[in-house]
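A structural walkthrough
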Amino acid sequence: MMKHALITCVILLTVCGGLAAAEKEELSAIRPLLGQGFGNIIEIEGRMMYEETGRTKAWRKKKRMQVHKVGDQKLKKPVMITLETFSFARTLLPANGTTVHLRGYEIGRFGGIPDKAFADIPQVATTGFHFEHVFQVTKLIKSEQPQK
């Protein structure tokens, strides 16, 4: 486990070391989107909001949620976050528009390709280099279908 953490740190330092000053400044401002820290078990409430057929492949079939409440605190402004589940837990996320109450923890990762990388590799359709906030679902506590 410690070896894996060290390797991850070395990779992040290598990647961050090659970024322009403006990009470094943005990366130093990475904070948990939900305000409760990365890896802390929390409960969130909101509405499922995702597209089965998105404008771009990068967003297609990503399960996303508009979070209205974190723990006991109602948010002043809702935030969107990508949801992931453990395949071995067999948790199925409900349909688009469903109100949900979930337990889990926030994680994040870097994705995409920096523009300057295309000086060395063929250009492909992809997202730009970015940090993505993700909520790892450990339990679906409650879900309610929208009233019709």
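Residues numbered from 1 in each chain as written. Predicted model: local features only at pLDDT ≥ 70, side-chain atom pairs only at ≥ 80, totals over all residues. Heavy atoms only, no water.

1. What to know about the overall build of the chain
Of regular secondary structure, the chain possesses two helices and five strands. The N-to-C order of helical and strand elements in the chain reads α-α-β-β-β-β-β. When the 148 residues of the chain are sorted by exposure, 23% land in the buried category. Restricting the contact set of the chain to residue pairs at least 6 apart, pairs at least 24 apart contribute 62%. (Helix = DSSP H or I, 4+ residues; strand = E, 2+ residues; numbered from the N terminus. Buried < 20%, exposed > 50% of the residue type's maximum accessible area, 1.4 Å probe, protein only. Contact = heavy atoms within 4.5 Å.)

2. Structural notes on the sheet that holds strand E1 (residues 42-48)
Judged by pairing direction, the barrel is mixed, and its five strands sit side by side in the order E1-E2-E3-E5-E4 before closing back on the first. Each strand axis lies, on average, 55 degrees off the axis of its neighbour in the sheet, ignoring direction. With six bridges joining them, E1 and strand E4 (residues 99-111) adopt antiparallel strand pairing. Residue pairing in the sheet places Glu-43 in a bridge with Arg-103 of E4. (Pairing = 2+ DSSP bridges. Axes fitted to C-alpha atoms, helices over the stretch in contact; angles between N-to-C directions.)

3. Details of the side chain of Gln-136
Here Gln-136 is to be found in strand E5 (residues 130-144). Polar contacts involving the side chain of Gln-136 include one to the main-chain carbonyl oxygen of Glu-84, which spans 3.3 Å. When residues no more than four places from it in sequence are discounted, the contact partners of Gln-136 are Glu-84, Thr-85, Phe-86, Arg-103, Gly-104, Tyr-105 and Ile-107. (Polar contact = N/O pair within 3.5 Å; in protein donor to acceptor, adjacent residues only side chain to side chain.)

4. Some remarks on the pairing of strand E3 (residues 73-85)
Two strands pair when backbone bridges link them, and strand E2 (residues 64-70) and E3 are joined in this way by six bridges, in the antiparallel orientation. Note on E3: the bridge partner recorded for Arg-64 is Thr-82. As paired strands, E3 and E5 are joined by four bridges and run parallel to one another. Residue pairing across strands places Leu-83 opposite Phe-135, the latter belonging to E5.

5. Considerations on the environment of Ala-125
Summarising the element assignment, Ala-125 is placed in the loop between E4 and E5. Taking the relative accessible area as the measure of exposure, Ala-125 reaches 84% and is therefore exposed. Counting along the chain gives 12 residues from Ala-125 to Ile-113, while the straight-line C-alpha distance between them is 9.7 Å.

6. Some remarks on the nonpolar core
Counting residues in each nonpolar core, the largest one holds 16 residues, and the members touching the most others are Leu-34, Ile-44, Met-65, Val-67, Leu-83, Leu-102 and Phe-135. Contributing elements (two or more residues each) for this core: E1, E2, E3, E4 and E5. Sequence-distant contacts of Val-67, that is, excluding residues within four places in its chain, are made with Leu-34, Ile-44, Glu-45, Gly-46, Leu-75, Pro-78, Val-79 and Ile-81. (Core = buried A, V, L, I, M, F, W, Y, C linked by side-chain atoms within 4.5 Å.)

7. A short note on the packing of aromatic side chains
According to the stated counting rule, one finds four aromatic pairs in the structure shown. The rings of Phe-38, Phe-110, Phe-129 and Phe-131 are connected pair by pair, giving a single aromatic cluster. (Phe/Tyr/Trp six-rings, centres within 6.5 Å; stacked < 30°, edge-to-face > 60°.)

8. Here we look at the pairing of E1
Of the pairings in the sheet, the one linking E1 to E2 comprises five bridges and is antiparallel in character. Bridge pairing in E2 places Glu-45 opposite Lys-69.

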